[in-house]
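# Survey of secondary and tertiary structure
Listed below, chain by chain, are the residues.
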Amino acid sequence: MPKRNSTVVGREFGDGVRDAIEQCGLTQRMLAVVLNWQEAKISDMVNGKGGVTEIELVRVLSYCRTPNDEVDRLVALHRESRERGWLQFPEDGVPEQVHSLISQERLANLVTVWSMNLVPGHLQIAAYMRAAAEKSAKIKPADIDALIHAKLDRQAILKPGRQFVFYVHEQALRLPVGGADVMRSQLTHILMLLVRQYITLRVVPTAIGAHAGMSGSFTQLSFDRYQPVVFIESENSGLFLDDTASLESYSAVLKRLDQEALDAEQSRRLITAMLA
């Protein structure tokens, strides 16, 4: 089956419209009858494939009595879906890109992460998360607990049924985030996770010097039903990329990292040596 022409922002938009329809007590078929539309048009809309104008969208949301702030959000997403990529700026509280990333990861069958400075979020323990968040200029102290809760919820996808590949620079494993005791617990936790057959960790050693991933960390999500997506998080924003040129560029980085990194067993032995 060919992969759908559906972007990250399109899926986020579709999920929001689907929720609005369900919350007003209608099925998609019932709404199509009311609006005198083909049911396929509703289906395309809630599956993030577009097919509606902004005026038609507002008509749907008005009929569903969607709250004004949600109408504004969905209209903004509808406009954003015409652009390449999706740039998000965080509001107060847990950054919105965390929630969006979690929703996309749940659809993925392969999650590939390159992390240059920190232990990847999927593998972090709560104490490590807290220590990193307390040093972040972008996280308010009052929001740290909510952020940790969201990140721990994210780890619920670490189950059979999808594959996880982590490329991690050695410096990320040696950086003493939270101090020696936290790092000992963190490295032990990683070793415990690596007994799972669907989790692979490859360390890029400091000794090789310059490496393919120096431009920064990122996550690549691969899907059965959709084209791949790359997510990049910066100090005050999150960016989803799904255009062909970007995907080819980041895939090339991963290919080079695959050549430069220690294999899985060598990486495991390195972490064990750090603990010793």
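Use the structure listed above.
The paragraphs below set out a description of the structure included in this document. (Residues numbered from 1 in each chain as written. Predicted model: local features only at pLDDT ≥ 70, side-chain atom pairs only at ≥ 80, totals over all residues. Heavy atoms only, no water.)

## Comments concerning the overall build of the protein chain
Threshold: Each helix is a run of DSSP H or I of at least 4 residues and each strand a run of E of at least 2, with the numbering of both proceeding from the N terminus. Exposure is judged per residue with a 1.4 Å probe applied to protein chains only, and the accessible area is read against the type maximum: over 50% gives exposed, under 20% gives buried, and values in between give partly exposed. What makes two residues a contact is simply this: any of their non-hydrogen atoms within 4.5 Å. For every accessible area listed, the method is Shrake-Rupley and the probe measures 1.4 Å; residues are considered covered only by the protein chains on display.
Secondary structure assignment for the protein chain yields 12 helices and seven strands. For the protein chain, the proportion of its 276 residues judged to be buried stands at 46%. Counted over contacts in the protein chain with a minimum sequence separation of 6, partners at least 24 positions apart contribute 75%. With the model as given, the accessible surface of the protein chain reaches about 14,300 Å², and the carbon-plus-sulfur share is 51%.

## Section: the pattern of salt bridges
Operational definition: Salt bridge, as applied in this entry: a Lys or Arg side-chain nitrogen positioned within 4 Å of an Asp or Glu carboxyl oxygen.
What the rule picks out here adds up to 11 salt bridges. Arg-73 serves as the salt-bridge partner of Glu-70, at 3.0 Å between the closest nitrogen and oxygen. Of this pair, Glu-70 and Arg-73 both sit in helix α5 (residues 68-80), three residues apart, which is roughly one turn of the helix. The shortest N-O distance in the salt bridge between Arg-130 and Asp-145 comes to 2.7 Å. Note that Arg-130 is positioned in helix α7 (residues 126-134) and Asp-145 in helix α8 (residues 144-154), a separation of 15 residues in sequence. Look at Arg-130 and you get partly exposed, because its relative accessible area is 34%. Because the salt bridges share partners, they merge into one network encompassing Glu-265, Arg-268 and Arg-269.

## Description of the packing of α7 against α8
In a pair of packed helices, the angle between the axes and the distance between the axes together describe the arrangement. Where we set the bar: To obtain an axis, a line is fitted to C-alpha atoms, over the contacting stretch when the element is a helix, and the angle between two such axes runs from 0 to 180 degrees between their N-to-C directions. Angular relationships are summarised with four words: roughly parallel below 35 degrees, roughly antiparallel beyond 145, roughly perpendicular across 65 to 115, and oblique for the angles in between. Handedness of each helix crossing follows the sense of rotation of the near helix against the far helix: counterclockwise by less than a right angle gives left-handed, clockwise gives right-handed. Residues are grouped as follows: nonpolar covers Ala, Val, Leu, Ile, Met, Phe, Trp, Tyr, Cys and Pro; charged covers Asp, Glu, Lys and Arg; every other residue, Gly included, is treated as polar.
At a closest axis distance of 10 Å, the pairing of α7 and α8 adopts a crossing angle of 135°. In terms of orientation, α7 and α8 fall into the oblique class. Note that α7 runs across α8; the crossing there is right-handed. Across the interface between the two elements, Ala-126, Met-129, Arg-130, Ala-133 and Glu-134 from α7 touch Ile-144, Asp-145, Leu-147, Ile-148, Lys-151 and Leu-152 from α8. Its residues assigned to classes, the contact of α7 with α8 comprises seven nonpolar, no polar and four charged.

## What to know about unusual backbone geometry
Negative phi characterises most residues that are not glycine, and trans characterises most peptide bonds. Positive phi, normally seen in glycine, also occurs at Asn-36, with a value near 60°. Looking at the secondary structure, you find Asn-36 in the loop between α2 (28-35) and α3 (39-46). Phi angles above zero are rare outside glycine, and Arg-65 is one such case at about 55°. Structurally, the position occupied by Arg-65 is in the loop between α4 (54-63) and α5.

## A look at the environment of Tyr-250
Within the secondary structure layout, Tyr-250 lies in helix α11 (residues 244-260). Note on Tyr-250: relative accessible area 22%, which makes it partly exposed. C-alpha separation for the pair Tyr-250 and Gln-220, spaced 30 residues apart in sequence, amounts to 8.1 Å. Setting aside residues up to four positions removed in sequence, Tyr-250 forms contacts with Phe-218, Val-230, Ile-232 and Leu-241.

## Details of the pairing of strand β3 (residues 163-169)
The condition that has to hold: Pairing between two strands is assigned when DSSP locates at least 2 bridges connecting them.
Counting buried residues along β3, six of its seven residues qualify, which places the element largely inside the surrounding structure. Judged from the six bridges that link them, strand β2 (residues 110-115) and β3 form a sheet pairing that is parallel. When the sheet's bridge partners are listed, Val-111 is paired in β3 with Phe-164. For β3 and strand β4 (residues 199-204), the ladder comprises six bridges, and the chain directions are parallel. When the sheet's bridge partners are listed, Val-165 is paired in β4 with Thr-200.

## Section: α7
Every α-helical turn comprises 3.6 residues, leaving residues that sit three or four positions apart pointing alike. Listed as buried for α7 are Tyr-128, Met-129, Ala-131 and Ala-133. Structurally, α7 contributes buried residues whose contacts are with α8, α9 (170-174) and α10 (180-193).

## Some points on the packing of aromatic side chains
To keep it simple, the criterion reads: By convention, a stacked pair of Phe, Tyr or Trp rings (six-membered ring in the case of Trp) has centres within 6.5 Å and planes under 30 degrees apart, an edge-to-face pair has planes over 60 apart, and any other such pair is tilted.
Per the counting criterion, the structure on display carries four aromatic pairs. Each ring, one from Phe-164 and one from Phe-166, has its centre 6.4 Å from the other, and the planes form 5°; the classification is stacked. According to the relative accessible area criterion, Phe-166 is buried, its value standing at 0%. Geometrically, the ring pair formed by Phe-218 and Tyr-250 is edge-to-face, given 4.7 Å between the ring centres and 65° between the ring planes.

## Focus on the pairing of strand β5 (residues 218-222)
Among the five residues of β5, five are classified as buried, and the element is accordingly described as predominantly covered. Every second residue of β5 is oriented toward a common face, with Phe-218, Gln-220 and Ser-222 on one face and Thr-219 and Leu-221 on the other, all of them buried. Note that β2 and β5 share five bridges and pair antiparallel. Its bridge partner being in β5, Leu-110 is matched across the sheet by Ser-222. Two elements, β5 and strand β6 (residues 229-233), share three bridges in a ladder whose sense is antiparallel. Within β6, the residue paired with Thr-219 across the bridge is Phe-231. Linkage of β5 to β6, two consecutive antiparallel strands, is achieved through a turn of six residues.

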